[in-house]
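Given next are the chains, with one letter for each unit.
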Amino acid sequence: MYSDTRRISDKQIASGLQLALEQAKAAKKQNTYPIGAIITDFDGNVIAQAHNMVVPKQDPTAHAEIEVIRKAGKYLRENKYQSVLYTTIEPCLMCMGAIIASDISMVVWGVNDRYGGAAEFVLNEYKKENTRKPDVISEPDSDIAMEIRELMREWEQGRGYSDENWV
Ligand SMILES: [Zn+2]
């Protein structure tokens, strides 16, 4: 797993997740999956912000993490292992792959996703000799986690699902 001496403060974590949550709320207004993501440097400067665009773009791959990586593309190419990606929900398999391919150092997510989340699988099972895997921080803030769960629950109920994933 990728690891170095750089760390981010609790304050950075809280404000990064808050910005991701605001993106998730913006996604909800566009009637798409209420998931948001941002990329910052290690000083907390915001490089890019985005949210899920699956419904507006009719693109099943337009997850928040993919959208924000595309917006931050030039920065990520020029600043390898200099960035932190915050997302409201644990990344899926596709997004974990994109995060590794983008040389992002650290991923912070607000809520674990026991249905579609693949971070644990990628970090534990994918190519054990791969040293480019990011460090992760999962569900660090219970207040933000509750808000994210509520958004997801409303979204799932609104489209007729009543699974208990976000309770
Ligand atoms: Zn994804």
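Definitions and limits used
- Residues numbered from 1 in each chain as written.
- Predicted model: local features only at pLDDT ≥ 70, side-chain atom pairs only at ≥ 80, totals over all residues.
- Axes fitted to C-alpha atoms, helices over the stretch in contact; angles between N-to-C directions.
- Helix = DSSP H or I, 4+ residues; strand = E, 2+ residues; numbered from the N terminus.
- Parallel < 35°, antiparallel > 145°, perpendicular 65-115°, else oblique.
- Left-handed = near helix turned anticlockwise from the far one by under 90°.
- Contact = placed C-beta atoms within 7 Å.
- Nonpolar A, V, L, I, M, F, W, Y, C, P; charged D, E, K, R; others polar.
- Buried ≥ 20, exposed ≤ 12 C-beta atoms within 10 Å, placed from the backbone.
- Pairing = 2+ DSSP bridges.
- Expected span 1.5 Å × (residues − 1).
- Arc of directions from axis to C-beta.

Take the packing of helix α3 (residues 64–71) against helix α5 (residues 93–101) next. Remark: α3 packs on α5, axes separated minimally by 9 Å, with the N-to-C direction vectors making an angle of 20 degrees. Comparing the axis directions of α3 and α5 gives the class roughly parallel. In the packing of α3 onto α5, the handedness of the crossing is left-handed. Across the interface between the two elements, E65, I66 and I69 from α3 touch C95, A98 and I99 from α5. Counted by class, the contact of α3 with α5 contains 5 nonpolar, no polar and 1 charged residues.

Let us now look at unusual backbone geometry. Unusually for a residue other than glycine, N31 sits at a positive phi of about 55 degrees. Looking at the secondary structure, you find N31 in the loop between α1 (10–29) and β1 (36–41). Residue N31 is classed as exposed on the basis of its 12 C-beta neighbours within 10 Å. In this structure, D103 takes a positive phi of about 55 degrees despite not being glycine. In this fold, D103 is placed in the loop between α5 and β4 (106–111).

Running from N to C, α1 and helix α7 (residues 142–158) cross one another at 15 degrees; their axes reach a closest spacing of 11 Å. The pairing of α1 with α7 is recorded here as roughly parallel in orientation. Between α1 and α7 lies a crossing of left-handed hand. Side by side, α1 and α7 meet where L17, Q18, L21, A24 and K28 of the first sit next to I144, E147, I148, L151 and W155 of the second. Grouping the constituent residues of the contact of α1 with α7 by class yields 7 nonpolar, 1 polar and 2 charged.

Turning our attention to the sheet that holds β1. Strand order across the open sheet formed by 5 strands is β2-β1-β3-β4-β5, with mixed pairing between neighbours. Looking at which strands have only one partner, the edges of the open sheet turn out to be β2 (46–51) and β5 (135–138). Taking each pair of neighbouring strands and ignoring which way they run, the sheet shows an average axis angle of 15 degrees. Two strands pair when backbone bridges link them, and β1 and β2 are joined in this way by 5 bridges, in the antiparallel orientation. Following the sheet pairing, I38 is matched in β2 by Q49. Against the sheet, α7 touches β3 (83–89) and β4, its axis set at about 65 degrees to β4.

So, on to the pairing of β1. Successive residues of a regular strand alternate their side chains across the two faces of the sheet. Taking burial as the measure, the 6 residues of β1 include 5 buried ones, the bulk of the element. If you look at the hairpin formed by β1 and β2, you'll find 4 residues sitting between the two strands, and G44 has a positive phi there, around 95 degrees. Where β1 lies against β3, 5 bridges are found, and the strand directions are antiparallel. Paired with D41 across the two strands is S83, which belongs to β3.

Turning to α7, a few remarks are in order. With 17 residues, α7 should cover 24 Å at 1.5 Å per step; its first-to-last C-alpha distance of 24 Å lies within 8% of that length. Those residues of α7 lying buried are I148, L151, M152 and W155. Along the axis of α7, the buried positions cluster into a sector of 95 degrees, meaning they face one direction only. Opposite the packed face of α7, turned more than 90 degrees from it, sit the exposed residues S142, D143, M146, E154 and Q157. Of the surrounding elements, those touching the buried residues of α7 are α1, β3 and β4. Following α7 by one or two positions, G160 has its phi on the positive side, about 90 degrees.

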